[in-house]
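Remarks on the overall topology
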Amino acid sequence: MSNGMSYDLMRAGVYGNSGFYSGTRVVFGEGEVDRIARHLDFARRVLVVTGAESARRFGHLERLEAALAGLESVSVSANISPNPRLTEVEAAAAVGLEAGVDCVIGLGGGSAMDAAKGVAVALGNGGSVTDLFRSGTEAPEETLPVVCVPTTAGTGSETSKGAILSDEERGVKGGLRGEALLPRLALVDPELTYSVPMRVTLETGFDVLTHAIETWTSRRAGPIVELFSRHAIAAVHRWLPCLKSDLNDREARREMSYACLLMGFNLANSSTCLPHRMQYPVGAATDTSHPAGLAALYPAWCENTHAAAAPVFDYVGSVLGTADTAAAAVPKLMAAFLEDLGIRWTLKDLGIEGSQLEELAGAVSGNLEADPGPTQPEDLMRLYERSLDEPF
Ligand SMILES: [Fe+2]
């Protein structure tokens, strides 16, 4: 059964969730950003939300503004930092309110796209999102339409219904979620990723792989999620090493953008698992990137989970190893794959000491139910311990 087709797995009752939803129109292809206006018949006055640096430095913002020139008005808020803060979202929303916009475009990596979603919620709800974020409720229906134009291949935010934001005042990082946050349009132009530097390319590419493995491993997976995950796992394994050899490999850039896009659908229809819950405390304690923490946790998590999700890990083994590689070999293969990419770290490498592990385990929050492996507090401790040094 391990490599059985999705439909068989559904019929066998493996998946409780056979549904799938997306309200996002996808436009994919090189040069599509220049033609974005033809897909914006619902927008007259737009706000572009983007980061403070790279969108300008690499000319993406200029290119997008030129493509939007025929619209009634285009405002720009270029203030979003890598971990978007509520205060930045509120500031961008104030710009949008002033300009009377009817659509929010997020241009950038996950941070800019997530911030754009927050801005759209704010503008649809009297101009503020902070109270809503703090109340932890689902984002209400009345949001402005969001358009996502990713410039990296990693988060899948362009087709997902979540936005990760930081409440600096309270020291909390959390999610704003809801179907109203599904972008109206995901305009994925692989050309915009050509300028992404090596380390970010490899890290964000690994994030795509984790989304593929976790959304399929999750108890919320379904047969369509599985099909997309199978594609993305094979694609990352095939194409990310090509980018390690040559950042100008356009076919590899395109394939990574495509895999990332598919994983956005999966994030919206399934969920991530323990690694994504356990990375947040690591990131907060060390100020290291999301994929760096995931990379440190991954071999141990594969070890923790492969028995509970054998079809997934048999497939991962067949991709990272050979057709008859056992799921139990995946932790080692995963560590080797990360090593080959040059993004293999332990928690120690990221600056974590053994004495901090208990605190980290205590800080893991969010829904752990979706992970089919052991998720008790002692399991989290063991996972952090196994990830501290170099056991693989
Ligand atoms: Fe992620």
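Treat the numbers as computed from the prediction; the structure is a model and nothing was measured.

**Details of the overall build of the chain**
Assigned secondary structure in the chain consists of 15 helices and eight strands. For the chain, the C-alpha radius of gyration of 20 Å lies close to 21 Å, the compact-globule estimate for 392 residues. Here the chain holds 392 residues, and 53% of them are scored as buried. At a minimum sequence separation of 6, the contacts of the chain that also span at least 24 residues come to 78%.

**Some remarks on unusual backbone geometry**
Of note in this structure, Asp-287 is not a glycine but carries a positive phi near 55°. Note on placement: Asp-287 falls in the loop between helix H10 (274–286) and helix H11 (290–305). Assessed through the 10 C-beta atoms surrounding it within 10 Å, Asp-287 is described here as exposed.

**Digging into the packing of helix H7 (residues 198–217) against helix H8 (residues 223–245)**
The contact between H7 and H8 brings their axes to 8 Å, and the two run at 160°. Relative to H8, the element H7 is oriented roughly antiparallel. Crossing of H7 against H8: the hand is left-handed. Note on element contacts: H8 touches H7 through Val-225, Glu-226, Ser-229, Ala-232, Ile-233, Val-236, Leu-240, Leu-243 and Lys-244, opposite Thr-201, Leu-202, Gly-205, Val-208, Leu-209, Ala-212, Ile-213, Thr-215 and Trp-216. Across the contact of H7 with H8, the residue classes tally to 12 nonpolar, four polar and two charged.

**Regarding the pairing of strand S7 (residues 172–177)**
As paired elements, strand S6 (residues 162–167) and S7 share six bridges and run antiparallel to each other. Counterpart to Gly-162 in the pairing with S7 is Arg-177. Here S6 hands over to S7 after four residues, with Gly-171 in that stretch at a positive phi of 65°.

**Some remarks on the domain arrangement of the chain**
Where interface size is quoted, it is often the accessible area lost as the parts come together. Split by domain assignment, the chain resolves into domain 1 (6–16 + 196–388) and domain 2 (31–193). If you average the C-alpha positions of domain 1 and of domain 2, the two centres end up 26 Å apart. On the side of domain 2, 17 residues touch domain 1, which itself brings 20 residues to the contact. When contributions to the side of domain 1 that touches domain 2 are tallied by element, the ones reaching two or more residues are H7, helix H9 (250–269) and H10.

**Points about the sheet that holds strand S3 (residues 73–80)**
The strand order S1-S8-S5-S4-S2-S3 describes an open sheet built from six strands, whose pairing is parallel. Every interior strand has two partners, whereas the edge strands, strand S1 (25–28) and S3, have only one. Recorded for the sheet is a direction-independent mean angle of 20° between the axes of neighbouring strands. Pairing analysis gives four bridges linking S1 to strand S8 (residues 185–188), with the strands arranged parallel. If you follow Arg-25 over to S8, its bridge partner there is Leu-185. The strands touched by helix H3 (residues 60–67) are strand S2 (45–51), S3, strand S4 (103–108) and strand S5 (146–150); relative to S4, the strand with the most contacts, the crossing angle is about 150°. Along the sheet face, helix H4 (residues 86–99) touches S2, S3 and S4 and points at about 165° away from the line of S3.

**Some remarks on H10**
Taking 1.5 Å as the rise per residue, H10 with 13 residues should run 18 Å; its terminal C-alpha atoms sit 19 Å apart, in good agreement. All of the buried residues in H10 are Leu-274, Pro-275, His-276, Arg-277, Met-278, Gln-279, Pro-281 and Val-282. Buried residues belonging to H10 abut H7, H11, helix H14 (357–363) and helix H15 (377–388). Remark: Asp-287 follows H10 within two positions and exhibits a positive phi of approximately 55°.

**Examining the pairing of S2**
The buried count for S2 comes to six of seven residues, which makes it a mostly enclosed element. The sheet contact formed by S2 and S3 spans seven bridges and is parallel. Looking at the pairing, Val-48 lines up with Val-76 of S3. As paired strands, S2 and S4 are joined by five bridges and run parallel to one another. Bridge pairing in S4 links Val-46 to Cys-103.

**Some words on the packing of H11 against H15**
For the pair H11 and H15, interaxial distance at closest approach is 8 Å and the crossing angle is 130°. What the angle tells us is that H11 and H15 run oblique. Of the two possible hands of crossing, H11 and H15 adopt the one that is right-handed. Contact residues: H11 offers Ala-296, Leu-297, Ala-300, Trp-301, Glu-303 and Asn-304, while H15 offers Asp-379, Leu-383, Arg-386 and Ser-387. Among the residues forming the contact of H11 with H15, the class breakdown is five nonpolar, two polar and three charged.

Cut-offs applied
- Residues numbered from 1 in each chain as written.
- Predicted model: local features only at pLDDT ≥ 70, side-chain atom pairs only at ≥ 80, totals over all residues.
- Helix = DSSP H or I, 4+ residues; strand = E, 2+ residues; numbered from the N terminus.
- Rg over C-alpha atoms; globule rule 2.2 N^0.38 Å.
- Buried ≥ 20, exposed ≤ 12 C-beta atoms within 10 Å, placed from the backbone.
- Contact = placed C-beta atoms within 7 Å.
- Axes fitted to C-alpha atoms, helices over the stretch in contact; angles between N-to-C directions.
- Parallel < 35°, antiparallel > 145°, perpendicular 65-115°, else oblique.
- Left-handed = near helix turned anticlockwise from the far one by under 90°.
- Nonpolar A, V, L, I, M, F, W, Y, C, P; charged D, E, K, R; others polar.
- Pairing = 2+ DSSP bridges.
- Domains from an automatic or database assignment.
- Expected span 1.5 Å × (residues − 1).

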